[in-house]
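Working through the structure, step by step
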Protein chains: 2
Amino acid sequence: MKFDFTFQNPTKIYFGRKALENLKPELKNYGKKILLAYGGGSIKKNGIYDKVVDILKQSGKEIYECNNILPNPALSKMLEGAKIVKDNNIDLILAVGGGSVIDCAKGISVSAYAEGDVFKRYWINHEELNNNVVPVASILTMVGTGSEMNGGSVISDTVNKIKADRCFPPHVFPKFSILNPEYTFTVPKYQMVSGIFDIMSHLMEQYFSGDDDNTSDYLIEGIFKSLIHSTRIAIKDPTNYEARSNIMWCSTMALNGIVCLSKEEDWEVHYIEHQLSAYTDCAHGMGLCAISIPYYHYIYKYGIDKFVRFAKEVWNVDDKGKSKDQIALEGIDCLKKFAEECSMITNIKELGATPDLIPKIANTCNLGGGYKKLNRDEILEILKQSYQ
Amino acid sequence: MKFDFTFQNPTKIYFGRKALENLKPELKNYGKKILLAYGGGSIKKNGIYDKVVDILKQSGKEIYECNNILPNPALSKMLEGAKIVKDNNIDLILAVGGGSVIDCAKGISVSAYAEGDVFKRYWINHEELNNNVVPVASILTMVGTGSEMNGGSVISDTVNKIKADRCFPPHVFPKFSILNPEYTFTVPKYQMVSGIFDIMSHLMEQYFSGDDDNTSDYLIEGIFKSLIHSTRIAIKDPTNYEARSNIMWCSTMALNGIVCLSKEEDWEVHYIEHQLSAYTDCAHGMGLCAISIPYYHYIYKYGIDKFVRFAKEVWNVDDKGKSKDQIALEGIDCLKKFAEECSMITNIKELGATPDLIPKIANTCNLGGGYKKLNRDEILEILKQSYQ
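What counts and how
Residues numbered from 1 in each chain as written. Chains lettered and ligands numbered in written order. Predicted model: local features only at pLDDT ≥ 70, side-chain atom pairs only at ≥ 80, totals over all residues. Heavy atoms only, no water. Helix = DSSP H or I, 4+ residues; strand = E, 2+ residues; numbered from the N terminus. Rg over C-alpha atoms; globule rule 2.2 N^0.38 Å. Buried < 20%, exposed > 50% of the residue type's maximum accessible area, 1.4 Å probe, protein only. Contact = heavy atoms within 4.5 Å. Areas by Shrake-Rupley, 256 points an atom, 1.4 Å probe, with all protein chains shown as cover. Lys, Arg positive; Asp, Glu negative; His and termini not counted. Charge placed at Lys NZ, Arg CZ, Asp CG, Glu CD. UniProt positions renumbered as here; feature names shortened; annotations may be inferred. Least-squares fit on C-alpha atoms with pLDDT ≥ 70 in both. Pairing = 2+ DSSP bridges. Axes fitted to C-alpha atoms, helices over the stretch in contact; angles between N-to-C directions. Polar contact = N/O pair within 3.5 Å; in protein donor to acceptor, adjacent residues only side chain to side chain. Parallel < 35°, antiparallel > 145°, perpendicular 65-115°, else oblique. Left-handed = near helix turned anticlockwise from the far one by under 90°. Nonpolar A, V, L, I, M, F, W, Y, C, P; charged D, E, K, R; others polar. Buried area = accessible area lost by both parts, 1.4 Å probe. Salt bridge = Lys/Arg side-chain N within 4 Å of Asp/Glu carboxyl O.

Labelled according to an unreviewed UniProt entry, chain A appears under the name alcohol dehydrogenase, originating from Anaeromyces robustus.

Next comes the structure, spelled out in structure tokens:
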């Protein structure tokens, strides 16, 4: 509700080139059995895996593994991890990777000691969490989701083609997260810019809703401007530590629960993208980008003052002698041009969508919406716009 | 260090018209003995005292009191509270009031079980905290200091005329803070605008330092703009809930440890003001205001690009055809005009400073500084500028 909220975010952030030095002292706070959760193996190539395993061994820990957690983490993988945790009385789940790995780690945490169909209970029906959870911590290697400092967990039921999200309460948030911007230097450009649009989308989903005047909106504009500025530097110079640091921190700040305080939110772009990627397994940020442009073109007139503000405050659009529509559309155009400048994907065709999939996506996504509640026909139209 | 930090802020915030409803469930987490810390009695007049005492009694708590905690809370009062805590094995210190009361409550918390000269050890020498502390919680009735969501505690040794600050680690932060903007409706305008300049000063002390490009600077600009906007509304319409909410939240966000991340900081204005109020007992925010204007006039040329940015981003100064000096000075002038528009005090004479006190203030304040490290002669000159 407006100006009526509860906020707490207890995650401890260790940020910087030497952030990993904090792992050893932190590990003293947890028992012996550690589940190391990670992805497809990039952390083995770049040496982070070896460093982390060394520290775990020096700390006298027993290491269990749940690996090959892929983008759009699968329910089956989560349940596999949950079984390891339960069977071995794991004391800490240490996620090393990007948002998918951390999301999956939280899923493992809440599922290990849950009864019944946990996906249905917690992700579909959003039942209150009522079982023991296992502490989670993270070492972040890719930015975008903000999962390192929140309770969010997006899990895909690949059999039934449902990608569902859940935001768990603060005791499921990572206890600590280690953020070393240097770890992101080697992320391929495609993943890097996909992550950056994910951040932008988080900001816009929280910004484009409500007609109130709210400190959170000003904070979002600030993060947006910093992100644009640092992205332009990082694209030319991927090992620019300052720019990668700002992008990493923008990502965390965009979804750690602060900039949505007192605000209505939208999230329809995310709902559509979830089903787009449930059917195509596309990169999340790219899917968001391809949907956002036609989506905002369609809804802007329902919240025109905020889109005018977006154009002026975020993109410095000169408003002199222009109508509100012109200013608002110029702002959306700046967003599109920025996406193209960054080689982001603005068309769902390129992401693997096909004409027969489009109605399936439109028919299965959640209906939300900030300035405009869309019906399925409108979503279909937006998807078609993005297919051209 | 730049882009190298540790951050954690575990305080739980209950914000809104019904925020006090959360007190009763929260009290279940603490033992029976509560020290109620409050100020000069305004909470008795506006009914908050009775409401809180009712809830404490309904919860079966034993109430102890430390009252008459005045602005610029005194060391002697803090030690009096610490004795009550120790003698009675208090389980929770509940501060009801503004920053002075909360600062004092934290001081009581760390002092109750400390050995030796606690003021010297923790506030002057900044020794590491190494004794048990008692949990603190707060119910905020006046905004400005941000004490409701940080570890800051400013205590005045009134005998030796030393006002000293300390930032304690997260386990001293309020466990929970109850923020109901309606409680601030009845704060007299003098205190209200004093608190608002305190917020502005917190933002500027963190902003005017460093030449890096930093997400934190963008966040500060956002908070600043929201604060200016809502202040103008609240001055005309003090019971505007939306405006008072934004001001309250700007205050918390300005000093909860987020907007300083990765940044160098200044704090010289605060150091000078601490000694100004040690000698005059002036309202903190008014003291900051009276010092800030001549201070920034003096130091701007050492960080001119940031002052140009301040003018353009925060005050929308048009930069066309102007020199950097002109733009920077126009920004400072906007700050001064805003202070005057709000009836803030811009002259230390009005705050009780006298010609004989000025050298004493200059000679006893800490030396800090962001863009320029000042010597005592320069501080003397700035104080004289503010006396005219």
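What follows picks up the thread again.
**Structural notes on the overall build of chain A**
Of the regular secondary structure elements, chain A holds 15 helices and 8 strands. For a compact globule of 388 residues, the expected C-alpha radius of gyration is about 21 Å, and chain A comes in at 20 Å, within 12% of that figure. Taken over the C-alpha atoms alone, chain A extends approximately 70 × 45 × 40 Å along its principal axes. Burial status across chain A gives 62% buried among its 388 residues. Pairs at least 24 residues apart make up 79% of the contacts formed inside chain A by residues separated by at least 6 positions. Just so you have it, chain A exposes about 14500 Å², and 49% of that area is on carbon and sulfur atoms. Here chain A contributes 44 positive and 48 negative side-chain charges, whose respective centroids are spaced 4 Å apart.

**Side note on the UniProt feature "domain: Fe-containing alcohol dehydrogenase-like C-terminal" (unreviewed entry) in chain A**
Under the local residue numbering, the UniProt record ascribes the feature "domain: Fe-containing alcohol dehydrogenase-like C-terminal" (unreviewed entry) to residues 193-387 of chain A. Span residues 193-387 of chain A is 66% helix and 0% strand, its end C-alpha atoms 20 Å apart.

**Quick look at the relation of the copies chain B and chain A**
Overlaying chain B with chain A gives an RMSD of 0.0 Å, the required rotation being 180 degrees about an axis along which the chain moves by 0.0 Å. This pairing of chains is accounted for by a two-fold axis. Judged by C-alpha distance, Pro10 of chain B is the residue of chain B that lies nearest the rotation axis, at 2.1 Å. Of all interface residues in chain B, 100% are interface residues in chain A too; the two copies therefore contact each other through one and the same surface.

**Focus on the sheet that holds strand S8 (residues 176-179) of chain A**
In spatial order, the strands read S3(A)-S2(A)-S4(A)-S5(A)-S8(A)-S1(A)-S1(B)-S8(B)-S5(B)-S4(B)-S2(B)-S3(B); together these 12 strands make up an open sheet with mixed pairing. The open sheet has two edge strands, strand S3 (62-66) of chain A together with strand S3 (62-66) of chain B, and neither has a second partner. Strand-to-strand twist in this sheet, taken as the mean axis angle between neighbours without regard to direction, amounts to 25 degrees. Sitting on the sheet, helix H4 (residues 75-88) of chain A touches strand S2 (33-38), S3 and strand S4 (92-97) of chain A, and the angle it makes with S3 of chain A is about 160 degrees. The strands that helix H9 (residues 241-254) of chain A touches are strand S1 (5-15), strand S5 (136-140) and S8 of chain A together with strand S1 (5-15) of chain B; relative to S1 of chain A, the one it contacts most, it runs at about 150 degrees.

**Section: the side chain of Asn9 of chain A**
In this structure, Asn9 of chain A sits in strand S1. Of note is the side chain of Asn9 of chain A, whose polar atom sits 3.2 Å from the backbone nitrogen of Thr11 of chain A. From its side chain, Asn9 of chain A meets the backbone oxygen of Met149 of chain A in a polar contact 2.8 Å long. In contact with Asn9 of chain A, other than residues within four places in its own chain, are Met149, Phe173 and Asn256 of chain A together with Asn9 of chain B.

**Digging into the packing of helix H11 (residues 284-299) of chain A against helix H13 (residues 324-341) of chain A**
Residues and elements named next belong to chain A. Interhelical geometry of H11 versus H13 gives an angle of 170 degrees and a closest axis separation of 10 Å. Taken together, H11 and H13 sit at an angle that is classed as roughly antiparallel. Crossing of H11 against H13: the hand is left-handed. Within the contact between the two elements, H11 uses Cys289, Ile293, Tyr296 and His297 and H13 uses Leu329, Ile332, Leu335, Lys336 and Ala339. Considered class by class, the residues forming the contact of H11 with H13 number 7 nonpolar, 1 polar and 1 charged.

**Regarding the UniProt feature "domain: Alcohol dehydrogenase iron-type/glycerol dehydrogenase GldA" (unreviewed entry) in chain A**
According to UniProt, the "domain: Alcohol dehydrogenase iron-type/glycerol dehydrogenase GldA" (unreviewed entry) feature falls on residues 10-181 of chain A. Secondary structure across residues 10-181 of chain A divides into 31% helix and 26% strand, with the first and last C-alpha atoms of the span separated by 21 Å.

**Let's talk about unusual backbone geometry**
Residue Asn89 of chain A is not a glycine yet carries a positive backbone phi of 50 degrees. Looking at the secondary structure, you find Asn89 of chain A in the loop between H4 and S4.

**A few points about the interface of chain B and chain A**
The interface is formed by 38 residues belonging to chain B together with 38 residues belonging to chain A. Interface of chain B and chain A: buried area, both sides summed, is about 3500 Å²; carbon and sulfur atoms make up 57% of it. Our enumeration of links across chain B and chain A arrives at 2 salt bridges. For Lys225 of chain A, the salt bridge identified is with Glu313 of chain B, shortest N-O distance 3.3 Å. When residues of the side of chain B that touches chain A are assigned to their parent elements, the largest contribution, 11 residues, is made by S1 of chain B. The residue makeup of the side of chain B that touches chain A, split by class, is 17 nonpolar, 13 polar and 8 charged. Here S1 of chain A runs beside S1 of chain B; their pairing, made up of 7 bridges, is antiparallel. Paired with Tyr14 of chain A across the bridge in S1 of chain B is Thr6 of chain B.

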